[in-house]
Amino acid sequence: MQRKIRVLHVYKTFYPMTQGGIQESIRQICLNTHARGVESRVLTLTPSPVGHPIRVDDIEVYQAKQLFELASCGFSLSALTQFGQLARWADVLHYHFPWPFADLLHFLRRPDKPSVVTYHSDIVRQRHLSKVYAPLMHAFLDATDIIVPTSPNYTRSSPILRRFRNKLRVIPLGLNECRYPPPGRACPLPFEDREEFFLFVGVFRAYKGLHILLEAAQNASFKVVIAGRGPMEKRLKAQARRLNLDNVFFLGHISDEQKIDLMRRCRAVVLPSHLRSEAFGLSLLEGAMQARPLICTDLHTGTSFVNIHEQTGIVVPSGDPEALRAAMDRLWDNPSLARSMGQAARNRFETHFSGTVMGEQYFDLYSGLAAPRAHAG
């Protein structure tokens, strides 16, 4: 019997301490390669590690103690030792970019293992620090074997990726529908259960453009449900009060079961992100999985790869509340159009973004990287 391929994922945060798009992407990659014979471990940081590996689904998670954070980049001394030990166990190292400390780990430990980088996003906000980081970043990306952008759109628009076009292999993110909860108890809402609404689900970060969504919702006849938490929460709720938005409802953190229930009941899923930090948008995939039409902005990233304008939904210019409002009004006033776009979104999900499709592509990638080492051994 052939031995499983061992893959070590390296990223600054992971479940159960934090959640977000990259964390869910890592989880989905692990889960969807597990059935093909891949054993996955994750090395991550946390201020309060438990001192032993924990299991998240079929994934073994190792926590190193985070000493401090600079510009959203966590640093750790104990991670050096743990990374060295786990790298010896692994057949393939799988880094998730951006996390500059992972670059340091790679060069300080010099692991003699093949490596892949899933390139989730350019560094957008820390522009001054990124100039200092650039030499290390380019050396790290040059040292790895394969770089995996999550969409062809991002490959074309990223000035960093254009430098490494000879080692790029696009693998879109995917979701395993079976891992989501079945229909269950409805998520309670402060209005009639049969009434539809527009839905945002995600972490309240600056690049998500929720302030633009709130502007677009002024004096609207429809309701907007916003689910999640994050560093922008107080500011967004203050803006909603200032604009007297009695049609906008903040639900706070919700479970996966509640999220799927809301997506099944909404008119459309809205992702108003206005910065390129939004490289893909897993909430768009979750909406497509539930046959919902999608509204997103054109960032020349994966958002407009998931959501094809006038087919699976509507793509609007970024940072434009009037255009966002027009798109929402159009789907609200045309329920048949919303249904047809939702079905098109579902069809595209099945052909391009299922967990099975993604898992097969990553398994082939891991197998190709690990095979020469296995043969040499």
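To keep things clear, this report deals only with the structure shown in the data block. If you're wondering where the values come from, they're calculated on a predicted model, not measured in any experiment. For every chain, the first residue of the written sequence is number 1, and numbering continues from 1 along that sequence. In keeping with the model being predicted, local features are shown solely for residues with a pLDDT of at least 70 and side-chain atom pairs are shown and tallied solely at 80 or more, while totals for entire chains, interfaces and linings include all residues. With hydrogens and water excluded, all non-hydrogen atoms of the structure serve as input to the side-chain values.

Further remarks concern the packing of helix H9 (residues 256–265) against helix H10 (residues 282–289). Angle between the axes and distance between the axes: these two values describe a pair of packed helices. Orientation is described by axes fitted as lines to C-alpha atoms, over the contacting stretch for helices, and by angles from 0 to 180 degrees between their N-to-C directions. A run of DSSP states H or I qualifies as a helix once it reaches four residues; a run of E qualifies as a strand once it reaches two. Both are numbered from the N-terminal end. At their nearest, the axes of H9 and H10 sit 9 Å apart, and the two run at 60 degrees to each other. As H9 runs across H10, the sense of the crossing is right-handed. Together, Lys259, Ile260 and Met263 of H9 and Ser283, Glu286, Gly287 and Met289 of H10 make up the contact between the two elements. By residue class, the composition of the contact of H9 with H10 is three nonpolar, two polar and two charged. Each helix crossing is assigned a hand: it is left-handed if the near helix lies turned anticlockwise from the far helix by less than a right angle, otherwise right-handed if that turn is clockwise. Throughout, a residue-residue contact means that at least one pair of heavy atoms, one from each residue, lies within 4.5 Å. Residues are sorted three ways: Asp, Glu, Lys and Arg are charged, Ala, Val, Leu, Ile, Met, Phe, Trp, Tyr, Cys and Pro are nonpolar, and all the rest, Gly among them, are polar.

A residue counts toward a patch only above 30% relative accessible area and without a salt bridge, and it is joined to like-charged neighbours within 9 Å or, for Val, Leu, Ile, Met, Phe, Trp and Tyr, to nonpolar neighbours within 5 Å. Areas reported here follow the Shrake-Rupley algorithm with a probe of radius 1.4 Å; residue values treat only the protein chains shown as occluding. Put simply, a salt bridge is a Lys or Arg side-chain nitrogen that is within 4 Å of an Asp or Glu carboxyl oxygen. Taken together, the side chains of Leu67, Phe68, Leu70 and Leu77 define a hydrophobic patch exposed on the protein surface, amounting to about 430 Å² of accessible area. Tracing the sequence through the fold places Phe68 in strand E5 (residues 68–70).

With that settled, the discussion passes to unusual backbone geometry. Residue Tyr15 is joined to Pro16 through a cis peptide bond whose omega torsion reads 0 degrees. Tracing the backbone through its elements, the reader meets Pro16 in the loop between strand E1 (5–10) and helix H1 (21–34). The linkage connecting Phe97 with the following residue, Pro98, adopts the cis geometry, with an omega of 10 degrees. Position of Pro98 relative to the elements: it lies in the loop between strand E7 (92–97) and helix H3 (100–109). The phi angle at Ser72 is positive, at roughly 70 degrees, despite the residue not being glycine. Relative to the helices and strands, Ser72 resides in the loop between E5 and strand E6 (73–75). Positive phi outside glycine occurs at Asn244, with the angle close to 55 degrees. Among the structural elements, Asn244 can be located in the loop between helix H8 (233–242) and strand E12 (248–252). Its relative accessible area of 64% is what places Asn244 among the exposed residues. For each residue, the accessible area found with a 1.4 Å probe, counting protein chains only, is set against the maximum for its type, and the residue is called buried under 20%, exposed over 50%, and partly exposed in between.

As a further point, take the sheet that holds E1. Spatial strand order, E3-E4-E2-E1-E7-E8-E9: seven strands in an open sheet with mixed pairing. Single-partner strands in this sheet number two, and they are strand E3 (54–56) and strand E9 (146–149). Direction aside, neighbouring strands of the sheet carry axes that sit 25 degrees apart on average. Pairing between two strands requires that DSSP report at least two bridges joining them. Two elements, E1 and E7, share four bridges in a ladder whose sense is parallel. Bridge pairing in E7 links Val10 to Tyr95. Strand contacts of H1: E1, strand E2 (38–46), strand E4 (59–65), E7 and strand E8 (115–119), with the helix running at about 160 degrees to E2, the strand carrying the most contacts.

On to the packing of helix H2 (residues 78–89) against H3. One can describe the packing of H2 onto H3 by two numbers: an axis separation of 10 Å at closest approach and a directional angle of 60 degrees. Taken together, H2 and H3 sit at an angle that is classed as oblique. Crossing handedness for the pair H2 and H3: right-handed. Contacts between H2 and H3 involve Ala79, Leu80, Thr81, Phe83 and Gly84 from the first element and Phe101, Leu105, His106, Leu108 and Arg109 from the second. Comment on the angle field: the value is read as roughly parallel under 35 degrees, roughly antiparallel over 145, roughly perpendicular from 65 to 115, and oblique elsewhere.

Residue pairs three or four apart in sequence face the same way in an α-helix, which turns once every 3.6 residues. For a helix, the expected span equals 1.5 Å multiplied by the number of residues minus one. Between its first and last C-alpha, H2 extends 17 Å over twelve residues, near the 16 Å set by a 1.5 Å rise per residue. By the burial criterion, the buried members of H2 are Ala79, Leu80, Gln82, Phe83, Gly84, Leu86, Ala87 and Trp89. In this fold, the buried residues of H2 make contact with E1, E2, E4, E7 and H3.

So, on to the sheet that holds strand E13 (residues 268–271). Spatially, E12-E11-E10-E13-E14-E15 is the arrangement adopted by the six strands of the open sheet, whose pairing is parallel. Strands at the two margins of the open sheet, each flanked by one partner only, are E12 and strand E15 (313–317). The mean angle between the axes of side-by-side strands here comes to 25 degrees, regardless of whether they run parallel or antiparallel. Where strand E14 (residues 294–298) meets E15, five bridges bridge the pair, whose relative direction is parallel. The residue bridging Cys296 from the neighbouring strand is Val315, located in E15. With respect to the sheet, helix H12 (residues 321–333) is in contact with strand E10 (198–201), strand E11 (224–227), E13, E14 and E15, its orientation differing from that of E15 by roughly 165 degrees.

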